[in-house]
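Below are the chains, spelled out letter by letter.
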Amino acid sequence: MARSRILSGPVERRRVLGGLTGAAAALGLTACGVSESDGKASNGGAKESSGAGTRSLETDNGTVKVPQKPERVVVLENYDALMLLDLGLVPVGVPDGAANPQLLPKDVYEQLKDVDTIGASGTPNSQAIAALKPDLIIDQFYKEKSAPLRTIAPVAFYDWHTSGAFWNEQIAKLAKAVNRESRLAEKKQEYERRLTEVRTAYRKQIETTTWAPLSGGPNGKFFLGTPLVTVMRDVGLRIGAGLPEKEAGFVPKSYEEMDVLKDCDALIYSVQADGRPTPTTQQLLDHKLWKGVPAVKAGRAFPSRHFVMANYSFAIATVDEIEGMLKKM
């Protein structure tokens, strides 16, 4: 399966993959030291239950003994929290800034707003985590930081950058980790039903138009492609602007390269959950070169509140948004 472009530097990767880490970065806590033992073959040294209440789980950091059905899960990245919510599980610990009303749908914010925080993404506070008495810790980015935490609870590490860079690949792994694969199957079936409805109702519009998703970037640049491109492709939309088939997005382009959008009949740009563009995207929308793009001049540049694509609930909401756009084509 095609993967997202892997950007250099952990901060940049988190920014574009998670879409939620800007607020968290400003609220970082210093991680407390925990001795780390070597666990290349397996998650040795982890605090884990024994007997019939455990099972073996294959992770990107070896085989880990985890509870049959974890209930007290701490996550080290905002994306993981959103995935767990789709599986019917509210984590007991999340990174600082995970509950941000500007960036999250109201119902999601309400579920996360009172959850205890465990430090900023990338700097987990081991004392805060231990106080929550988790039975599982999930990590997708910070192998060196999460490994010492296995003295508190089993750590399931999945490397987003090398073992499946699309949200639907990662949520499948988390569903297995927390033993909620049946819940995931239900959400996936709901998503596939909506896809079928939209494909059937808007077959002509889908077959005769070309689209591209984008967002603003720093220093006179924009990013071609966003996480929602996976859903656009599932709907059946033809992706233009030279975005390669194997790219999920975040291809940096300068404003002077905006001509790349000329083959597109419609564009989707990212806004926050509150409907407002980020400052960098607003700069893009205000630029004279943007206003000269054919799709923009034709009134076919549409906002999407689902820049963060982390679970099937978000994907279904994106299909709903795309349906509204197709009605205008």
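Residues numbered from 1 in each chain as written. Predicted model: local features only at pLDDT ≥ 70, side-chain atom pairs only at ≥ 80, totals over all residues. Heavy atoms only, no water.

Side note on helix α14 (residues 312-326)
The first and last C-alpha atoms of α14 sit 21 Å apart over 15 residues, in line with the 21 Å expected at 1.5 Å per residue. The buried fraction of α14 amounts to 11 of the 15 residues, a majority that puts the element mostly inside the structure. Burial in α14 covers these residues: Y312, F314, A315, I316, T318, V319, E321, I322, E323, M325 and L326. The backbone nitrogen of S313 has a side-chain oxygen 3.1 Å away, supplied by the residue at the start of α14, namely N311. (Helix = DSSP H or I, 4+ residues; strand = E, 2+ residues; numbered from the N terminus. Expected span 1.5 Å × (residues − 1). Buried < 20%, exposed > 50% of the residue type's maximum accessible area, 1.4 Å probe, protein only. Polar contact = N/O pair within 3.5 Å; in protein donor to acceptor, adjacent residues only side chain to side chain.)

Some points on the nonpolar core
If you look at the biggest cluster of nonpolar residues, it comprises 94 residues, and the most contacted ones within it are L267 and W290. For this core, the element with the highest residue contribution is α14, accounting for eight residues. Apart from the residues within four sequence positions on either side, W290 is in contact with L214, M258, L261, L267, Y269, L284, L285, V296 and A301. (Core = buried A, V, L, I, M, F, W, Y, C linked by side-chain atoms within 4.5 Å. Contact = heavy atoms within 4.5 Å.)

As for the environment of V319
Tracing the backbone through its elements, the reader meets V319 in helix α14. Placed 121 residues apart in sequence, V319 and V198 show a C-alpha to C-alpha distance of 7.8 Å. With residues up to four places along the chain from it excluded, the contact list for V319 reads Y191, R194, L195, V198, V231 and V235.

Here we look at the pattern of salt bridges
Counting across every chain of the model gives 10 salt bridges. Residue E71 pairs with R180 through a salt bridge whose shortest N-O separation is 3.3 Å. Within this pair, whereas E71 is found in the loop between β2 (62-67) and β3 (73-75), its partner R180 is found in the loop between α7 (167-177) and α8 (181-201), the two being separated by 109 residues in sequence. Accessibility expressed as a relative area gives 44% for E71, which makes it partly exposed. Overall, R180 belongs to the buried group, its relative accessible area being 8%. For R276, the salt bridge is made with D274, and the minimal N-O distance between the two is 3.1 Å. A relative accessible area of 29% places D274 in the partly exposed class. Among the charged side chains, a salt-bridge network with shared partners connects R194, E197, D320 and E323. (Salt bridge = Lys/Arg side-chain N within 4 Å of Asp/Glu carboxyl O.)

Some details on the environment of G240
Looking at the element boundaries, G240 is found in the loop between β10 (238-239) and β11 (251-254). Taking the C-alpha atoms as reference points, G240 and T209, separated by 31 residues in sequence, lie 9.5 Å from one another. Residues contacting G240, with those up to four places away along its chain left out, are T210, W211, A212, D263 and C264.

Details of the side chain of S215
With respect to the element layout, S215 can be found in strand β8 (residues 210-216). Note on S215: relative accessible area 6%, which makes it buried. Sequence-distant contacts of S215, that is, excluding residues within four places in its chain, are made with F222, F223, T226, S270, T281, L284 and F307.

Some points on the confidence of the model for the protein chain
Of all residues in the protein chain, 83% attain a pLDDT of 70 or more, and the chain-wide mean is 84. Low pLDDT, under 50, characterises residues 1-46; the stretch is placed with 118 contacts to residues that sit more than four places away or in other chains. (pLDDT = per-residue confidence, 0-100.)

Thoughts on the pairing of strand β13 (residues 301-304)
Burial along β13 is one-sided: the face carrying F302 and S304 is buried and the face carrying A301 and P303 is not. Note that strand β12 (residues 266-270) and β13 share four bridges and pair parallel. Note on β13: the bridge partner recorded for Y269 is P303. (Pairing = 2+ DSSP bridges.)

What to know about unusual backbone geometry
A positive phi angle is found at N179, which is not glycine, with a value near 60°. Along the chain, N179 turns up in the loop between α7 and α8. In this structure, N219 takes a positive phi of about 55° despite not being glycine. Positionally, N219 belongs in the loop between β8 and β9 (221-224). For N219, a relative accessible area of 72% puts it in the exposed group.

Section: the packing of aromatic side chains
Aromatic rings in a pair are described by how distant their centres are and how their planes are angled relative to each other. Under the defined criterion, the tally for this structure stands at seven aromatic pairs. The interplanar angle of 75° and the centroid separation of 6.5 Å between the aromatic rings of W167 and Y191 together place this pair among those described as edge-to-face. With W167 in helix α7 and Y191 in helix α8, this pair connects stretches of sequence that are 24 residues apart. The two residues W167 and Y191 agree in class, both being buried. On the numbers, 6.2 Å between centres and 80° between planes, the contact of F223 with F250 is edge-to-face. Within this pair, whereas F223 is found in strand β9, its partner F250 is found in the loop between β10 and β11, the two being separated by 27 residues in sequence. One exposure class covers both F223 and F250, and it is buried. An aromatic cluster is defined as three or more aromatic residues linked by ring pairs; in this entry it consists of W167, Y191 and Y312. (Phe/Tyr/Trp six-rings, centres within 6.5 Å; stacked < 30°, edge-to-face > 60°.)

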